[in-house]
There are 2 protein chains.
Amino acid sequence: MYVKSIVRQSVRYASDKAARFVPKTGVYPKGFVVGGIHSGVKKDGKSLDLALLKNEFGKEASAAAVFTTNKFRAAPVQVSSKIIKEKKGKGINSLVANSGNANAVTGSQGIKDAEDMVIVTDSVLENSSNSTLVMSTGVIGNNLPIDNILSGIPKLALTNLGNTHQHWIDCATAICTTDTFPKLVTKQFELNGVTYTLAGLCKGAGMICPNMATLLGFFVTDAPVTPSALQQILKYAVDRSFNSISVDGDMSTNDTIVAIANGAAGGELIESSSSSATSFSILQREITDFAQQLAQLVVRDGEGATKFIELKVKDALSYKDAKIVASSIANSSLFKTAMYGKDANWGRILCAIGYSNVTSSESIIPSRTSVSFIPSDGSEKLDLLIDGEPELVDEARASQILEAEDLVIEIDLGTGGGQEAKFWTCDLSHEYVTINGDYRS
Amino acid sequence: MYVKSIVRQSVRYASDKAARFVPKTGVYPKGFVVGGIHSGVKKDGKSLDLALLKNEFGKEASAAAVFTTNKFRAAPVQVSSKIIKEKKGKGINSLVANSGNANAVTGSQGIKDAEDMVIVTDSVLENSSNSTLVMSTGVIGNNLPIDNILSGIPKLALTNLGNTHQHWIDCATAICTTDTFPKLVTKQFELNGVTYTLAGLCKGAGMICPNMATLLGFFVTDAPVTPSALQQILKYAVDRSFNSISVDGDMSTNDTIVAIANGAAGGELIESSSSSATSFSILQREITDFAQQLAQLVVRDGEGATKFIELKVKDALSYKDAKIVASSIANSSLFKTAMYGKDANWGRILCAIGYSNVTSSESIIPSRTSVSFIPSDGSEKLDLLIDGEPELVDEARASQILEAEDLVIEIDLGTGGGQEAKFWTCDLSHEYVTINGDYRS
């Protein structure tokens, strides 16, 4: 009875989240078409499970990618990383992804299947060889139903690609697993008088046994960027977005974030050299902000999440140590359950700061550490701890702030170093345990 | 209604655990007396909250201690570590501990209170100054009700100390916070024809906001050991016991493990030098085994725990990397919820192995990694993964194995290094979230 009521609640949250976080319209970059179909990986016979993206603007797009650091790298991660390395990020013109099966821990057959997905996509799209990256997400330890996928690719490529909002929604839906809504963000910005567009999608949510909590994401732009500049920007942006979120702290065998830039909107080529340093900085800022919007959707859709928490660590000795402190709090089960319980428990925050593996012993000075809640309604912040001394907390005010779904927690390390990091996380709820404790059957 | 039923269930489990894990009798080392009373820290007016241990055999006992590495060290940790350092582990003859208040994040008043506990204990017991170590556990951020404690110490020291089983149970009970049962272990062993006795107690459980998940433990023996040998043995034993368990992965501001040896049983002095190397090794093995028994009680009493899991990582390149791999699995919320759900989810185990921060890139070789379940009833083991290839798992058999409370999971890293580590953890249940998500009020 308990589990049923939780499931009912989950459905309500899910549809509520879809209404709030799935855009009704979007602006899309020039020269890209996308789509998604059901190919027969997912067993319900209808859910979208195959996604394709194609660059139609010439054949020399730049691509960059960041892959999982998990030692057990799934077949598509091995194949895609090899391709992007061999091509030095130049001439990657399409991307194929399936959901429902992660093609992970699948031996040599798994590698062959991932390679076949690349070969068939390149052939159907008339690419030169190794112009496609491949991604998979879903159940691990089973081989792909590869025939279904290989016969799905031409069907999708030849009759189901386009650049309408619905095509992008379909593409985003086709990479979902336990996600309760498709994750799509679009954005425009100006650079040297030219308007550029960014569109991106991702999936996250978490693991339903034995699915992996895979993070897959890809975004494209019509700005002209060299592969090395794009790789540098992507690394910077992923550090501050997809690598600065935590649902349950686990990192999957399949995590992959890809960026492709085709230059279709024209303008001056953006390089990382000093001559175009300003353009480079602007693009880096725009892409980082965009990647943060995408990554935050994964936290919004965290399994069982009822709270969205931004941890802002200020005045650290280094960005790295600021992030280590934020990550330590974000991954504390005790902190996350306190947030679920709407409990202003600064003790658990302090504790997680204290055991974080910072690189310097000067990074945490108990007598200079301060913690505050910043309410989401713009009202005054609530100090919990100032310079290591606990404040007399107005519990009624704290409860009021914690009633809201959104909360910013500010940690001031007071080191004088001035460095800052942000990290996004959710709470740990009964529903998380219910979802993840279920039998696989 | 849900919460009520969980609480009822929790009470049932608790009394069940007390019946199973609290010994009805014990053997106690010579020359020590202990006790516990209610002094007025716990607000119910009756629960035991002040514990004392006194060495009656001469005044030159050896002591060793391992303290939390959390940057926010509570006042008693600061005071005790200073005393043991100044005395070089010689002449520590008593130990005073309170529960109900951790004396953490309490500023200069906190330090003075901890020092006063030492001064009053030394005075009442007619010790020379700084012969007492102090510990506290409980709520953080509030100053101790120090007058209650300071007037409780003489009452406890003068009329409530003894060496009966009940005195030891009272002492173990007086350091409990959210523990559902007092944790006490006793043991005898022979060395060079002399029988020595070990008795120890500890507390753990986890946090009830804003209590800390403090690990406190102390054990005593009547064996004759030098302070430096005892410190070396304690460090080794704690690494393989209290530092090889995980309830929720958080490390508190107060964690302290102390060992005292008074030599009352006689025999040759055990030193770490080569001349007594064999005696040293035997004592180290006995104390490590003893500390593991104590530490395992903390996992048994993990908040909301329904499973007791031993992770055994074999054939690693180093003990350190074996332990890092085991710890990574033990701290994965996804693994822990799968265990709660009785799900043979080798994917989550593999995933946690893959993202563990091992020190060498040679330490994890996907194609050589094997995972098996070892049933607690002595029946045949169930292989889930052999040399990186998933086995076709008999789910009925897996479910049967997972019905039992106890389970050993064996991870064979196949590196050829032959090193091994064990780690103990529990599952992550609905009840854990209920306990830790509750309002503090």
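Owing to the predicted nature of the structure, the values given are computational and were not obtained by experimental measurement.

**A look at the pairing of strand β11 (residues 308–316) of chain B**
Residues and elements named next belong to chain B.
1) Next: Pairing analysis gives seven bridges linking β11 to strand β15 (residues 406–412), with the strands arranged parallel. What sits directly across from Glu310, in β15, is Val408.
2) Next: In the sheet, β11 pairs with strand β16 (residues 419–426) via seven bridges, with the strands oriented antiparallel. Within β16, the residue paired with Lys312 across the bridge is Lys422.

**A word on the domain arrangement of chain A**
1) Next: Split into domains, chain A comes out as domain 1 (20–300) and domain 2 (308–437).
2) Next: Its C-alpha centre places domain 1 of chain A at a distance of 32 Å from the equivalent point of domain 2 of chain A.

**Some words on unusual backbone geometry**
1) Next: Unusually for a residue other than glycine, A:Val105 sits at a positive phi of about 55 degrees.
2) Next: Assignment of secondary structure puts A:Val105 in the loop between β4 (94–101) and α3 (107–124).
3) Next: A residue is classified by how much of its surface remains accessible, and A:Val105, at 16% relative accessible area, is buried.
4) Next: Here B:Lys88, not a glycine, exhibits a phi torsion of approximately 50 degrees, which is positive.

**Quick look at the packing of helix α6 (residues 227–239) of chain B against helix α7 (residues 277–300) of chain B**
All names here are of chain B.
1) Next: Relative to each other, α6 and α7 sit at 45 degrees, their axes nearing to 9 Å. Classified by the angle their axes make, α6 and α7 are oblique. Relative to α7, α6 is oriented so that their crossing is right-handed. Within the contact between the two elements, α6 uses Ala229, Gln232, Ile233, Tyr236 and Ala237 and α7 uses Phe280, Leu283, Gln284, Ile287, Thr288 and Ala291.
2) Next: Taken together, the residues that form the contact of α6 with α7 break down as eight nonpolar, three polar and no charged.

**Considerations on empty space enclosed by the protein**
Residues and elements named next belong to chain B.
1) Next: Enumeration according to the criterion identifies three cavities of 30 Å³ or more in this entry.
2) Next: Taken as a whole, the largest cavity spans an internal volume of roughly 40 Å³.
3) Next: For the largest cavity, the full set of lining residues is Lys17, Val299, Arg300, Ala305, Thr306, Lys307, Phe308 and Glu405.
4) Next: Looking at side-chain class alone, the lining of the largest cavity contains three nonpolar, one polar and four charged residues.

**Some points on the environment of B:Ala398**
Residue and element names in this part refer to chain B.
1) Next: Along the polypeptide, Ala398 turns up in helix α11 (residues 395–403).
2) Next: For Ala398, a relative accessible area of 1% puts it in the buried group.
3) Next: Distance from Ala398 to Asn345, taken between C-alpha atoms, is 9.8 Å for residues 53 residues apart in sequence.
4) Next: Those residues in contact with Ala398 that lie beyond four places of it in its chain are Ala344, Leu382 and Val393.

**Describing the nonpolar core**
1) Next: Ranked by internal contacts, the top residues of the largest apolar core, which has 95 residues, are A:Leu53, A:Met117, A:Trp168, A:Phe219, A:Phe242 and A:Ile260.
2) Next: Both domain 1 (20–300) and domain 2 (308–437) of chain A contribute no fewer than three residues apiece to this core.
3) Next: Setting aside anything within four residues of it in sequence, one finds A:Ile260 in contact with A:Phe32, A:Leu53, A:Ala61, A:Ser62, A:Ala63, A:Ile92, A:Leu95, A:Phe219, A:Val220, A:Thr221 and A:Leu230.
4) Next: By size, the runner-up hydrophobic cluster in this structure holds 94 residues, among which are B:Ala114, B:Met117, B:Ile146 and B:Phe242.

**Thoughts on helix α6 (residues 227–239) of chain A**
1) Next: Over its 13 residues, α6(A) extends 18 Å from the first C-alpha to the last, a length consistent with the 18 Å expected when each residue adds 1.5 Å.
2) Next: Next to the buried residues of α6(A) lie β3 (62–67), β8 (216–221), β10 (256–261), α7 (277–300) and α8 (319–330) of chain A.

**With respect to the environment of A:Asp16**
All names here are of chain A.
1) Next: Here Asp16 is to be found in helix α1 (residues 2–21).
2) Next: The exposure class of Asp16 is partly exposed, given its relative accessible area of 34%.
3) Next: Distance in space between the C-alpha atoms of Asp16 and Thr180 is 9.8 Å, their sequence separation being 164 residues.

Rules of the game
- Residues numbered from 1 in each chain as written.
- Chains lettered and ligands numbered in written order.
- Predicted model: local features only at pLDDT ≥ 70, side-chain atom pairs only at ≥ 80, totals over all residues.
- Heavy atoms only, no water.
- Pairing = 2+ DSSP bridges.
- Helix = DSSP H or I, 4+ residues; strand = E, 2+ residues; numbered from the N terminus.
- Domains from an automatic or database assignment.
- Buried < 20%, exposed > 50% of the residue type's maximum accessible area, 1.4 Å probe, protein only.
- Axes fitted to C-alpha atoms, helices over the stretch in contact; angles between N-to-C directions.
- Parallel < 35°, antiparallel > 145°, perpendicular 65-115°, else oblique.
- Left-handed = near helix turned anticlockwise from the far one by under 90°.
- Contact = heavy atoms within 4.5 Å.
- Nonpolar A, V, L, I, M, F, W, Y, C, P; charged D, E, K, R; others polar.
- 1 Å grid on protein atoms, 1.4 Å probe; cavity = no way out; pocket = protein on both sides within 12 Å on 5 of 7 lines; lining within 4 Å.
- Points joined across faces, edges and corners; volume = space filled by probe spheres on them.
- Core = buried A, V, L, I, M, F, W, Y, C linked by side-chain atoms within 4.5 Å.
- Expected span 1.5 Å × (residues − 1).

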